[in-house]
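# Structural overview
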Amino acid sequence: MDQPHHVLTLIIQKEADIPRIRSKVKLLMRAIGAPVLQMTGLAVGASETARLLLHQYGGGKARISLFPQQLLVVECGVELLFHGNSWCLKGDRCPLDKEALLSIHPFPGLQSVFDTVLVKGGTRGRKIIVTCRSIKSGIAWKDVLSRLSVIRTELFADTEESYLENLRAKHDEVVRLLREKTEKNRLLDQSNNELLQLSNDLEQLARERTIIEMSLRVADQVRNPATVIGGMARRLLEKESLTDREQQKINLIAREADKIEDLVKQFNRMAAERRTLFDRESLPALLQDALQACPTLQKKNIQVQLDIPSEAVEIHANRQILKVALVHVLRYFTLKMEVGEELTVSLAGNLEPLLTFAARLKPETVENQGIMEVMNKPDPQAELTLVQQILSEHQAELEIKEEMDGRLVLTILFPRMFHEQQEVSLGAL
């Protein structure tokens with residue numbers, strides 16, 4: 001019964017569009033015979049809402065409709081439906097919740113002019129939709145239907161302009177949808193590339209662990225027996241009571257023991273070659289690479305506040321493997337954050353670099369679960385166990401805690417000096 005009857009759609013993309021919306025609402029209200037006070041209030045409310053969309057949500061569109069409403073009789077109501085093009089563009093001044101949004105101009109005024117004002121989104125990271133309905137016209141719906149052609153004539157007195165206006169609105173809507181689809185496809189491709197890169201990095205990680213573990217196990221299990229066999233054979237050769245045949249046999253044992261020791265040395269060289277994958281790396285550059293390799297940040301409109309010192313900060317690291325850990329940390333945070341929230345990433349110190357990630361968690365995450373329960377909950381997209389393993393190989397310390405203000409803080413402290421001898425323990429993990 002109350003399905004809106006679309007009359008006109010107007011776009012909002014420049015200052016000149018605001019008075020045009022006001023004038024069109026006035027024309028419509030005058031055409032259906034609405035009281036002057038109602039006509040003025042609705043026109044001003046429409047223009048101020050359009051101004052909000054233009055300045056805070058990247059513009060948008062306004063759909064003007066008529067609809068029937070059952071009161072004592074079926075009366076004619078007016079509906080203004082506003083869609084913002086983007087999420088809030090004001091950064092720190094964006095409202096964080098619906099209560100804060102409804103307190104800003106023009107919503108208090110809209111609620112006094114319209115019978116119904118419904119708002120969806122509009123908070124940080126969400127597009128806005130505003131629906132305003134008024135049924136104070138006192139005009140019967142059947143009278144409006146009988147005069148619909150006259151109303152259209154009056155509303156579209158500037159016929160050419162109105163047709164072009166509607167055509168432009170439809171065209172812009174199609175272009176916007178195509179851009180959104182293109183952007184979604186781009187993000188999907190980027191996510192696929194990210195997963196492929198992570199898969200390749202993890203394969204490299206597993207391959208290196210296998211080689212190092214095998215090398216070190218062989219070295220540990222074979223070196224001592226080979227040394228003992230070779231030493232005993234040489235001591236036997238020092239005895240003068242041996243026959244020529246016995247000396248030949250013992251010499252053969254000594255030579256074979258030497259071959260085993262050479263094989264052990266080869267395995268040690270293989271492990272050493274893997275250890276050379278650790279090199280001096282720029283931590284800021286590595287962090288930037290990780291941010292680029294995590295499209296989830298853009299997908300959820302996470303605002304990254306990056307604080308990096310101007311001086312160089314270098315660490316001893318395997319670049320690809322440490323990048324995997326940083327990407328997993330970023331994915332972990334984005335999974336726990338609301339859309340449009342802020343993630344602070346800061347780097348301090350040079351001798352002992354301290355990398356800090358801080359963000360506010362989703363309210364339900366904090367309310368329904370303890371913070372350590374959240375950290376330990378199995379999550380295939382952000383496995384902190386892997387992060388801890390990689391950081392331990394880089395002799396770095398990981399700490400996670402919840403601040404008093406409800407923010408989650410994750411810190412990574414890298415060592416002042418990288419101890420080369422500890423690299424041998426990589427295969428034991």
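Treat the numbers as computed from the prediction; the structure is a model and nothing was measured.

## Overview of the overall build of the protein chain
For the protein chain, the helix and strand inventory stands at 14 helices and twelve strands. Residue burial in the protein chain is summarised as follows: out of 429 residues, 43% are buried. If you take every contact in the protein chain between residues at least 6 apart in sequence, the share linking residues at least 24 apart comes to 75%. Carbon and sulfur atoms make up 54% of the accessible area of the protein chain, which amounts to about 23,000 Å² in all.

## Remarks on the sheet that holds strand 10 (residues 354-360)
The five strands are arranged 7-9-10-12-11 in an open sheet whose pairing can be described as mixed. Since the sheet does not close on itself, it has two edges, and those belong to strand 7 (303-307) and strand 11 (397-402), each with one partner. For this sheet the average axis-to-axis angle between neighbouring strands, irrespective of direction, equals 15 degrees. Bridge count between strand 11 and strand 12 (residues 407-413): six bridges; the pairing is antiparallel. Along strand 12, the bridge assignment pairs E402 with L408. The strands that helix 11 (residues 319-336) touches are strand 9 (342-348), strand 10 and strand 12; relative to strand 10, the one it contacts most, it runs at about 15 degrees.

## So, the confidence of the model for the protein chain
Confidence along the protein chain averages 79 in pLDDT terms, with 77% of residues attaining 70 or more. Segment residues 421-429 is flagged for pLDDT under 50; beyond a separation of four residues in sequence, or across chains, it makes 17 contacts in the model.

## Notes on the nonpolar core
Of all hydrophobic cores here, the largest spans 45 residues; its most connected members are V25, I32, L66 and L80. Take this core: its biggest share by element is eight residues, from helix 2 (residues 36-56). By size, the runner-up hydrophobic cluster in this structure holds 40 residues, among which are V345, L347, L361 and A396.

## Comments concerning the pattern of salt bridges
In the structure shown here, the tally under the stated rule is eleven salt bridges. R51 is the salt-bridge partner of E48, the closest N and O atoms lying 3.4 Å from each other. Residue E48 and its partner R51 are located together in helix 2, separated by three residues, close to a single helical turn. Between R319 and D289 there is a salt bridge, and its shortest N-O distance comes to 2.4 Å. A residue pair is termed long-range when its members are at least 10 positions apart, and R319 in helix 11 and D289 in helix 9 (residues 283-292) qualify at 30 residues. Here the salt bridges do not stand alone but share partners, grouping K14, D17 and R20 into one network.

## Description of the sheet that holds strand 2 (residues 60-70)
Within the open sheet, the five strands sit side by side as 1-2-3-5-4. Their pairing is antiparallel. Each edge of the open sheet is held by one strand with a lone partner, namely strand 1 (5-12) and strand 4 (116-121). Between one strand axis and the next, the sheet turns through 15 degrees on average, direction left out of account. Those strands touched by helix 1 (residues 17-32) are strand 1, strand 2 and strand 3 (74-87), and its axis lies near 160 degrees from that of strand 1.

## Digging into helix 9
Because each turn of an α-helix spans 3.6 residues, side chains separated by three or four positions in sequence point in the same direction. Among the residues of helix 9, L283, P284, L286, L287, A290 and L291 are the ones counted as buried. The buried residues of helix 9 all sit within an arc of 160 degrees when viewed along its axis, so they share a single face.

## A word on the pairing of strand 12
Among the seven residues in strand 12, five count as buried, and that is most of the element. Note that strand 10 and strand 12 share seven bridges and pair antiparallel. When the bridges of strand 12 are listed, L354 appears paired with L413.

## Examining helix 14 (residues 384-393)
Within the span of helix 14, buried status applies to L384, L386, V387, I390, L391 and E393. Just downstream of helix 14 lies Q395, where phi reads positive at about 60 degrees.

## Quick word on the packing of helix 9 against helix 11
Pairs of packed helices are described in terms of their axes, by the angle between the two and the distance that separates them. With their axes 9 Å apart at the nearest point, helix 9 and helix 11 run at an angle of 55 degrees to one another. In terms of orientation, helix 9 lies oblique with respect to helix 11. As helix 9 packs across helix 11, the resulting crossing turns out to be right-handed. Here helix 9 contributes A285, L286, L287, D289, A290 and L291 to the contact with helix 11, which in turn contributes R319, L322, K323, L326, V327 and L330. Split by residue class, the contact of helix 9 with helix 11 holds nine nonpolar, no polar and three charged.

## Focus: the packing of aromatic side chains
Counted according to the given criterion, the structure contains two aromatic pairs. An angle of 85 degrees between the planes, with centres 6.2 Å apart, marks the rings of Y332 and F333 as edge-to-face. Taken as a pair, Y332 and F333 share a single burial class, namely buried. An aromatic cluster is present here, built from Y332, F333 and F357 joined pairwise through their rings.

Rules behind the numbers
- Residues numbered from 1 in each chain as written.
- Predicted model: local features only at pLDDT ≥ 70, side-chain atom pairs only at ≥ 80, totals over all residues.
- Heavy atoms only, no water.
- Helix = DSSP H or I, 4+ residues; strand = E, 2+ residues; numbered from the N terminus.
- Buried < 20%, exposed > 50% of the residue type's maximum accessible area, 1.4 Å probe, protein only.
- Contact = heavy atoms within 4.5 Å.
- Areas by Shrake-Rupley, 256 points an atom, 1.4 Å probe, with all protein chains shown as cover.
- Pairing = 2+ DSSP bridges.
- Axes fitted to C-alpha atoms, helices over the stretch in contact; angles between N-to-C directions.
- pLDDT = per-residue confidence, 0-100.
- Core = buried A, V, L, I, M, F, W, Y, C linked by side-chain atoms within 4.5 Å.
- Salt bridge = Lys/Arg side-chain N within 4 Å of Asp/Glu carboxyl O.
- Arc of directions from axis to C-beta.
- Parallel < 35°, antiparallel > 145°, perpendicular 65-115°, else oblique.
- Left-handed = near helix turned anticlockwise from the far one by under 90°.
- Nonpolar A, V, L, I, M, F, W, Y, C, P; charged D, E, K, R; others polar.
- Phe/Tyr/Trp six-rings, centres within 6.5 Å; stacked < 30°, edge-to-face > 60°.

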